[in-house]
Amino acid sequence: MDLSGNMQCSEAGSQAIRLFFTLGRWCLWQSATAPSQGDFWPDGEVLPCNEGCADVGFLPMMQRRRLSPLARAASAVAWHCWRKCGDMPAVFFSSHGESQYYFEMLHGIAEREEASPSRFSLCVHNAIAGLSSLHRASFLPYVSLAGGTEGIFAAFLEAAGQLLDTPRVLVVCYGQALPETYRAYLATADSTWALAMVLARAGGPGRQLRLVRRPGNSQAVAAGDGQSLVQAILDGRRSSPCPLGRSLWLWSLDDA
Amino acid sequence: MENLEAELKQLIIDTLELEGISAADILSEAPLFGAGLGLDSIDALELGVALKKKYQIHIDTDSVELVSYFASVENLAGFVISQQKKNSL
């Protein structure tokens, strides 16, 4: 089945899903210091580490004051892509969202403390996407996805669907280390990171990002998928497999 | 009253993370919300939690006068004093 050239599925009994995009622009930030000179992917930028706190000086103080470290990271990469490419619908993705904030809040409630209203409002999973929309005074649609069995690749599935209706979509993925209490149960990122990508329909001018999903049976869990993609971008690696339990994702970036 | 107003200004700055603003920048009689300092409804809730914690006062959220209590630092100081008097009775 061919869906507007961006997505093919159930091809010849292989049960593979193929997603094809043109990568227009990317931007990433991570709290760990990035290599100063790397063979990064083309057509993008790595924002300065800024001592582990993404710079959001482009926002007025009243807008940036409540942003958590995770929200600053996501807002910064999204802003830089929008500034270069203009406004467009967006797909935000984070496996666990503001895990530090909601864990602190739950701990406080257990101690019979009153929850902070602003922290509570920012713990809502789509809060970062909403704030980012406010930052650019946009009226375009956005969705905010949480973790699942497909890891960050869920954002690309959603983007492929959105590209049926719109010529470009911004994908913003972000994550941070989980609170210590959760780490016995879930694999987690070891630093805060955010990655934004401007995706267009396949076959446009620019590099072609191809993703293939095949059924998998590994024991891996969807936690390091985002960071492994970030590391591949920093290393200039153009293809990689990513096993995620019931699925195996293979992605590649081609020049033509 | 002046000491309490200065204390409230600092509480507002610290609680609402008003980076780059000092107590001297907040006029006691100036509006805190909307066109004044620019605070919003989430700030009002946050400030309410901080006031209850610091001054051990009760805030009746059904009170029709609540908006005027939170209109300025001056009004807020008057409200805190009146609630503390009620507590001491």
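In what follows, the structure referred to is the one given above.
Residues numbered from 1 in each chain as written. Chains lettered and ligands numbered in written order. Predicted model: local features only at pLDDT ≥ 70, side-chain atom pairs only at ≥ 80, totals over all residues. Heavy atoms only, no water.

Description of the overall build of chain A
In plain terms, the rule: Think of it this way: any DSSP run of H or I at least four residues long counts as a helix, any run of E at least two long counts as a strand, and we number them from the N terminus. The reference for a compact globule is 2.2 Å times residues^0.38; the radius of gyration itself is calculated from the C-alpha atoms. Residue exposure (1.4 Å probe, protein chains only): buried if accessible area is under 20% of the type maximum, exposed if over 50%, otherwise partly exposed. Two residues qualify as a contact provided that any one of their heavy atoms is within 4.5 Å of a heavy atom in the partner residue. For every accessible area listed, the method is Shrake-Rupley and the probe measures 1.4 Å; residues are considered covered only by the protein chains on display. Charged residues are defined narrowly, with Lys and Arg counted positive, Asp and Glu counted negative, and His plus the chain ends left uncounted. Note that the charge is assigned to NZ on lysines, CZ on arginines, CG on aspartates and CD on glutamates.
Scanning chain A from N- to C-terminus turns up seven helices and eleven strands. Relative to its length of 256 residues, chain A is compact, with a C-alpha radius of gyration of 18 Å against a globular reference of 18 Å. By its C-alpha atoms, chain A is 60 × 40 × 35 Å across when sized along the principal axes. Classification of the 256 residues of chain A by burial places 48% in the buried group. Excluding contacts between residues fewer than 6 apart, the proportion of contacts in chain A whose partners are at least 24 apart in sequence is 71%. Carbon and sulfur atoms form 53% of the exposed surface of chain A, whose accessible area is close to 11,600 Å². Here chain A holds 21 positive side-chain charges and 22 negative ones, and the gap between their average locations is 4 Å.

Brief notes about the nonpolar core
A general trend in soluble globular proteins is that nonpolar side chains are found buried together. All names here are of chain A. So the rule is basically this: To qualify as a nonpolar core, a set must consist of buried Ala, Val, Leu, Ile, Met, Phe, Trp, Tyr and Cys residues joined through side-chain atoms within 4.5 Å.
With 35 residues, the main nonpolar core has Phe-21, Trp-41, Phe-156, Met-197 and Leu-199 as its most contacted residues. Once residues lying within four places of it in the same chain are set aside, the contact partners of Leu-199 are Phe-21, Thr-22, Leu-23, Phe-156, Ala-159, Leu-163, Pro-167, Arg-168, Val-169, Val-171 and Leu-209. Among the nonpolar cores identified, the runner-up in size contains 28 residues, and Ala-71, Ala-74, Met-88 and Val-198 belong to it.

A short note on the packing of aromatic side chains
All names here are of chain A. Heads up, the condition is: Between rings of Phe, Tyr and Trp, where Trp is taken as its six-membered ring, a pair exists when centres lie within 6.5 Å; planes separated by under 30 degrees are stacked, by over 60 edge-to-face, and by other angles tilted. Only lysine NZ and arginine CZ atoms are considered, and such an atom sits over a ring when it is within 6 Å of the ring centre and within 35 degrees of the ring normal.
The final tally for this structure, using the stated rule, is nine aromatic pairs over all chains. Between Phe-103 and Tyr-182, the ring centres sit 5.5 Å apart and the planes meet at 75°, which makes this aromatic pair edge-to-face. With Phe-103 in helix H3 (residues 99–110) and Tyr-182 in the loop between strand S7 (168–175) and strand S8 (193–201), this residue pair connects regions lying 79 residues apart in the sequence. The exposure class of Phe-103 is partly exposed, given its relative accessible area of 22%. For Tyr-182, a relative accessible area of 24% translates into the label partly exposed. Aromatic side chains Phe-153 and Phe-156 sit 6.3 Å apart centroid to centroid with 35° between the ring planes, which places their arrangement in the tilted category. Of the two residues, Phe-153 and Phe-156 both sit in helix H6 (residues 153–162), three residues apart, roughly one turn of that helix. Each member of the pair, Phe-153 as well as Phe-156, is classed as buried. Site record: aromatic cluster; members linked through ring pairs are Phe-21, Phe-153, Phe-156 and Trp-249. Positioned above the aromatic ring of Phe-20, the side-chain terminus of Arg-210 is 6.0 Å from the ring centre.

Topic: the packing of helix H1 (residues 2–15) of chain B against helix H2 (residues 41–55) of chain B
Residue and element names in this part refer to chain B. Let me state the cut-off plainly: An axis is simply a line fitted to the C-alpha atoms; with a helix, the fit covers only the stretch in contact. Between two such axes, the angle follows the N-to-C directions and lies from 0 to 180 degrees. Here roughly perpendicular refers to angles of 65 to 115 degrees, roughly parallel to angles under 35, roughly antiparallel to angles over 145, and oblique to all remaining angles. It is the rotation of the near helix from the far one that decides the hand of a crossing: anticlockwise by less than a right angle makes it left-handed, clockwise makes it right-handed. Polarity classes work like this: nonpolar for Ala, Val, Leu, Ile, Met, Phe, Trp, Tyr, Cys and Pro, charged for Asp, Glu, Lys and Arg, and polar for all others, with Gly in that last group.
Interhelical geometry of H1 versus H2 gives an angle of 130° and a closest axis separation of 10 Å. Relative to H2, H1 is oriented oblique. Of the two elements, H1 crosses H2, and the hand of that crossing is right-handed. On H2, the residues touching Leu-4, Glu-7, Leu-8, Leu-11, Ile-12 and Thr-15 of H1 are Glu-46, Leu-47, Ala-50, Leu-51, Lys-54 and Tyr-55. Taken together, the residues of the contact of H1 with H2 break down into eight nonpolar, one polar and three charged.

Remarks on the interface of chain B and chain A
The criterion, for reference: Accessible area that two parts lose when put together, evaluated with a 1.4 Å probe and summed over both, is termed the buried area. Salt bridges are defined by distance alone: a side-chain nitrogen of Lys or Arg within 4 Å of a carboxyl oxygen of Asp or Glu. The definition of a polar contact used here is a pair of N or O atoms within 3.5 Å, where within protein one atom must be able to donate a hydrogen and the other to accept one, and adjacent residues in sequence count solely through side-chain atom pairs.
Between chain B and chain A, the residue contacts involve 15 residues of the former and twelve residues of the latter. Around 1,100 Å² of area is buried between chain B and chain A when both sides are counted, 49% of it from carbon and sulfur atoms. Together, Glu-19, Ile-42 and Glu-46 of chain B form the three largest contributors to the area buried by chain B at its contact with chain A, with a combined 40%. At the junction of chain B with chain A, the criterion picks out five salt bridges. Among the salt bridges present, the one from Asp-43 of chain B reaches Arg-66 of chain A, with a minimum N-O distance of 2.6 Å. Taken together, chain B and chain A are joined by eight residue pairs in polar contact (both at pLDDT 80 or more). Here the side of chain B that touches chain A is built from residues that sort into eight nonpolar, one polar and six charged.

Thoughts on the side chain of Thr-22 of chain A
Residue and element names in this part refer to chain A. Examined against the element boundaries, Thr-22 turns out to sit in strand S3 (residues 17–30). Assessed through its relative accessible area of 3%, Thr-22 is described here as buried. A polar side-chain atom of Thr-22 sits 3.4 Å from the main-chain amide nitrogen of Gly-203. Other than its neighbours up to four places away in sequence, Thr-22 contacts Val-198, Leu-199, Ala-200, Arg-201, Ala-202, Gly-203, Gly-204, Pro-205, Gly-206, Arg-207 and Gln-208.

The quantities given are spatial measurements derived from coordinates; they are silent on function.
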